[in-house]
Amino acid sequence: MNPEIPTASLTGLHGCVIDAPEWGKLRSWRDGAVVIGDGKVLEVGDFQFLGKKPRPAPIRWLHSERAAIFPGLIDLHTHVPQYPVVARGRGQLLDWLHGYVFPRERVFTGPPGQREAAAFFPELARHGTTTAALYAAIYEDSCEAAFAAAAKSGLRIIMGKMMMDVGTYGTLQPRKVISVSMLESERLARKWHGKNEGLIEYAFSPRFALACSERLMREAAAMATQFGCYVQTHLAETREECERVRHLFRGCLDYTDVYAQSGLLGPRTILGHCIHLSERERRVIAESGAGVAHCPTANIFLGSGIMPLAEHHAAGLKIGLGTDVAAGPELNLWQVMRSAIESQKMRGMYEPGVPVPTPAQALFLATQGAAEVLGKGRVIGTFETGKEADVTVMDLSALAPYRGSAAKIEDMSAEDVLSLCIYRGGPHAVLETFVRGRSVFRSAEPELF
Ligand code: GUN
Ligand code: FE
């Protein structure tokens, strides 16, 4: 956190201000400003007007003609313990999980696991991510350390201890797994849900139907309801997984019905992937109010498939984006936006009539769309006056073809600026990240602002 900015004073951000309040709608102020006070967006508009306006409180302007100012990026799905094994392995989901992921998660405990958990959160902020929904490993100690680090980071974090009782990498006797998993999850939820002035929330996190018994899923769902917590799980990522679920749960209509019958579907549920869904499943999910974490970089890495984005959207599903590390290679949501566009473009090369999302639609998925999945559409996601000031500031000169070519940047439209961020954006170009008006990451470059 940046102690130089007292929260009582006003902060003004000056640059190219861009947000996406609706699917397909881009709003921008090319020479714009966002005024922040008491952690909220007080004003947004043209700098020529807002910069001169007399104010009762002192205002500290952070200027840059090379700055592009976006609502904070929201990552709806990623795995804390998997970060060190990104870009590793071959093969599809189930082989990859057993060969690379479970061995990695198995050692995410004790002092090394706790230290690594703490290192994860500054990484999120450095990538311009202000809100993230995260899975920890099955262990209470490293999940606890991750929550403590999350609170210290100042980020908006939804997280839970991974729950699995079928084929788990844990060493507990099978008879004890469910009760221990429930007890530890309950303890973590009681301790952390709503902490850090509400920035930290708990998500009950049954891994997926192939790693969880019906009893575990039912108990997790009931406890999430009791505590008002989120639920997160994986759904229909690969055809092989769907096939196995069909064989294992013969009393259910389909994969989605497994979760519906367990009580896991509701407005606080985040479903990772959702690639291979029937029309019926789409309808059930939409009616439940659950949302989808679309993870295209991960889906391409594992060869899982291309999510039918337009069909999901037309069915009324709420959709946001996830980096899904380590199936996704980085915590960089700009590259997930790019992949969301390019994967539909590639699908269109083989299937006629596939709409390609625009840059504005990709930005919506990473901001307001994701906020709506979390039930926070009125709290974060755009620069609407009164919303909480979660902001990602990008350095356009670090993205331009010739570094430092500010003159060219001035000629760019807001659409050009957004497109440059989507196609070339990443942590090398994040200038500063704010959550509730507080700086949670600031680039070390000395000449900035
Ligand atoms: N399905 C169940 N667990 C996982 C996981 O850790 N990563 C991905 N991509 N899919 C999963
Ligand atoms: Fe995942």
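Residues numbered from 1 in each chain as written. Chains lettered and ligands numbered in written order. Predicted model: local features only at pLDDT ≥ 70, side-chain atom pairs only at ≥ 80, totals over all residues. Heavy atoms only, no water.

Asks: I would appreciate a short explanation of the overall build of the chain in the present structure.
Replies: Within the chain, the secondary structure is distributed over 16 helices and 16 strands. Against the compact-globule benchmark of 22 Å for 449 residues, the chain has a radius of gyration of 21 Å, which places it among compact chains. For the chain, the C-alpha atoms occupy an extent of roughly 65 × 50 × 35 Å along the three principal directions. Looking at the chain residue by residue over its 449 residues, the buried ones come to 61%. A separation threshold of at least 6 residues defines the contact pool for the chain, and within that pool the share at least 24 residues apart is 75%. Split by element, the accessible area of the chain, about 17,200 Å² in all, is 54% carbon and sulfur. Across the chain, the centroid of the 48 positively charged side chains sits 3 Å from that of the 49 negatively charged ones. (Helix = DSSP H or I, 4+ residues; strand = E, 2+ residues; numbered from the N terminus. Rg over C-alpha atoms; globule rule 2.2 N^0.38 Å. Buried < 20%, exposed > 50% of the residue type's maximum accessible area, 1.4 Å probe, protein only. Contact = heavy atoms within 4.5 Å. Areas by Shrake-Rupley, 256 points an atom, 1.4 Å probe, with all protein chains shown as cover. Lys, Arg positive; Asp, Glu negative; His and termini not counted. Charge placed at Lys NZ, Arg CZ, Asp CG, Glu CD.)

Asks: I tried to follow the site of ligand 1 on my own but got confused; where do I start?
Replies: Around ligand 1, the neighbouring residues are His79, Gln82, Leu93, Trp96, Leu97, Arg207, Phe208, His234, Glu237, His273, Asp324 and Ala327. Separating a nitrogen atom of ligand 1 from a side-chain N or O atom of glutamate 237 is a distance of 2.7 Å. Between ligand 1 and the protein, one listed contact pairs a nitrogen atom with a side-chain N or O atom of aspartate 324 at 2.8 Å. When isolated, ligand 1 has an accessible area of 280 Å², and the protein chains bury 100% of it. (Near = heavy atom within 4 Å. Polar contact = N/O pair within 3.5 Å; in protein donor to acceptor, adjacent residues only side chain to side chain.)

Asks: Would you mind going over the nonpolar core with me for this structure?
Replies: One broad trend across soluble globular proteins is that nonpolar side chains are buried collectively. Grouped together as the largest cluster of nonpolar side chains are 136 residues, with contacts concentrated most on Phe121, Ile157 and Tyr259. Here phenylalanine 121 is in contact with Leu134, Ala146, Ala149, Ala150, Ser153, Leu155, Ile157 and Met159, once residues within four sequence places are set aside. (Core = buried A, V, L, I, M, F, W, Y, C linked by side-chain atoms within 4.5 Å.)

Asks: Honestly, the coordination of the iron ion (ligand 2) in this entry has me stumped. Any pointers?
Replies: Angles between donor atoms at a metal ideally measure 109.5 degrees for a four-coordinate tetrahedral arrangement and either 90 or 180 degrees for a six-coordinate octahedral one. Looking at the iron ion (ligand 2), the protein donor atoms are His77 (NE2), His79 (NE2), His234 (NE2) and Asp324 (OD), and they sit 2.1 to 2.3 Å from it. Around the iron ion (ligand 2) sit four donor atoms; with metal-centred angles ranging over 90 to 173°, the donor geometry is irregular. Between consecutive donors of the iron ion (ligand 2), the numbers of intervening residues give the motif H-x1-H-x154-H-x89-D. Of this pair, histidine 77 sits in strand β5 (residues 73-79) while histidine 234 sits in strand β10 (residues 230-235), placing them 157 residues apart in sequence. Exposure remark for histidine 234: the relative accessible area of 6% places this residue in the buried category. (Donors = N, O, S within 2.8 Å, 3.2 Å for Na, K, Ca; no water. Tetrahedral: all angles 85-135°; square planar, octahedral: opposite > 155°, others 65-115°.)

Asks: Even after reading the chapter, I still don't get the environment of histidine 312, so can you show me in this structure?
Replies: Within the element layout of this structure, histidine 312 appears in helix α11 (residues 309-314). For the pair histidine 312 and alanine 286, spaced 26 residues apart in sequence, the C-alpha separation works out to 9.1 Å. Once residues lying within four places of it in the same chain are set aside, the contact partners of histidine 312 are Cys274, Leu277, Arg282, Met307, Leu317 and Ile319. Within the local environment of histidine 312, its side chain forms a polar contact with the backbone oxygen of cysteine 274, the two atoms lying 2.7 Å apart.

Asks: Just checking my understanding: could you explain the side chain of threonine 233 for this structure?
Replies: With respect to the helices and strands, the residue threonine 233 is situated in strand β10. Residue classification places threonine 233 among the buried positions, given a relative accessible area of 1%. Within polar-contact distance, the side chain of threonine 233 engages the backbone oxygen of proline 206 at 2.8 Å. Side chain to side chain, threonine 233 and tyrosine 259 meet in a polar contact 3.3 Å long.

Asks: What exactly am I supposed to notice about unusual backbone geometry here?
Replies: Among all residues save glycine, negative phi is the norm, and among peptide bonds the norm is trans. Looking along the chain, the bond that leaves valine 325 and enters alanine 326 is cis, with omega of 10°. Take alanine 326: it is sitting in the loop between β13 (318-321) and α12 (333-350). The phi torsion at alanine 87 lies on the positive side, around 60°, for a residue other than glycine. Unusually for a residue other than glycine, histidine 273 sits at a positive phi of about 85°. Mapped onto the secondary structure, histidine 273 falls in strand β11 (residues 269-273).

Asks: Just checking my understanding: could you explain the side chain of glutamate 241 for this structure?
Replies: Here glutamate 241 is to be found in helix α7 (residues 239-248). For the buried glutamate 241, no salt bridge is present, and the opposite-charge side chain at shortest range is arginine 207, 9.5 Å distant. (Salt bridge = Lys/Arg side-chain N within 4 Å of Asp/Glu carboxyl O.)

Asks: When you look at the packing of aromatic side chains in this model, what are you seeing that I'm missing?
Replies: The geometry of an aromatic ring pair comes down to the distance between the two centres and the angle between the two planes. Scanning the entire structure with this criterion turns up 11 aromatic pairs. Aromatic side chains tryptophan 23 and phenylalanine 364 sit 6.1 Å apart centroid to centroid with 75° between the ring planes, which places their arrangement in the edge-to-face category. With tryptophan 23 in the loop between β1 (10-22) and β2 (25-37) and phenylalanine 364 in helix α13 (residues 359-366), the pair connects residues that are 341 residues apart, well separated along the chain. When its relative accessible area of 28% is taken as the criterion, tryptophan 23 is described as partly exposed. Ring centres 5.0 Å apart and planes at 65° place the aromatic pair phenylalanine 70 and tryptophan 334 in the edge-to-face group. Of this pair, phenylalanine 70 sits in strand β4 (residues 59-71) while tryptophan 334 sits in helix α12, and the two are 264 residues apart along the sequence. (Phe/Tyr/Trp six-rings, centres within 6.5 Å; stacked < 30°, edge-to-face > 60°.)

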